[in-house]
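Read off the chains here:
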Amino acid sequence: MVHAYILIQTEVGKAAAVASTIAGISGVTKAEDVTGPYDVIVRAEASSVDELGRLVVARVQSVDGITRTLTCPVVNL
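Only a predicted model underlies this, so the values are computations on that prediction, with no experimental measurement involved.

Asks: How would you sum up the sheet that holds strand β4 (residues 66–73)? Please name residues and give values.
Replies: Read from one edge to the other, the open sheet built from 4 strands follows the order β2-β3-β1-β4, with strand pairing classed as antiparallel. The strands lining the two open edges of the sheet, one partner per strand, are β2 (28–33) and β4. Sheet twist, expressed as the average angle between the axes of neighbouring strands with direction ignored, equals 20 degrees. As defined by bridge partners, β2 adjoins strand β3 (residues 40–46) across 5 bridges and the pair is classed as antiparallel. Bridging from a neighbouring strand, K30 pairs with R43 of β3. Sitting on the sheet, helix α1 (residues 15–23) is in contact with β1 (2–10), β2, β3 and β4, with an inclination near 170 degrees to β2.

Given below as structure tokens:
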């Protein structure tokens, strides 16, 4: 299983709606509004890196109000 954090920037005033919508996407385990350079941080999981990529590109990035994402896969050192 691959886990990742997805850092999201949104249009002004859209963070709550974006987090709420993303929380309902299969593979997303948590979506929270935050302050700072990013507006929403998402914890996601997938069976492979390719599946994670499809989750981000096809499902997360298609949510209205998102301007930018940064995906940070979790590594076990």
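Asks: Provide a residue-level description of the nonpolar core, including the pertinent values.
Replies: Taken as a class, soluble globular proteins show a tendency for nonpolar side chains to be buried jointly. Core analysis: the largest hydrophobic core is formed by 20 residues, its most contacted members being I8, I22, L52 and V60. Of all elements in the fold, only β1, α1, β3 and α2 (49–60) reach the threshold of two or more residues within this core. The contacts of L52, once residues within four sequence positions are left out, are V2, A4, A44, A46 and T71.

Asks: Give a detailed account of the side chain of T10, specifying residues and quantitative values.
Replies: Looking at the secondary structure, you find T10 in strand β1. Under the relative-accessibility criterion, T10 is labelled buried at 11%. For T10, the contacting residues outside a window of four places in its chain are A15, V18, D39, V40, G65, I66 and T67.

Rules of the game
Residues numbered from 1 in each chain as written. Predicted model: local features only at pLDDT ≥ 70, side-chain atom pairs only at ≥ 80, totals over all residues. Heavy atoms only, no water. Pairing = 2+ DSSP bridges. Helix = DSSP H or I, 4+ residues; strand = E, 2+ residues; numbered from the N terminus. Axes fitted to C-alpha atoms, helices over the stretch in contact; angles between N-to-C directions. Contact = heavy atoms within 4.5 Å. Core = buried A, V, L, I, M, F, W, Y, C linked by side-chain atoms within 4.5 Å. Buried < 20%, exposed > 50% of the residue type's maximum accessible area, 1.4 Å probe, protein only.

So yeah, pure geometry; function would need other evidence.
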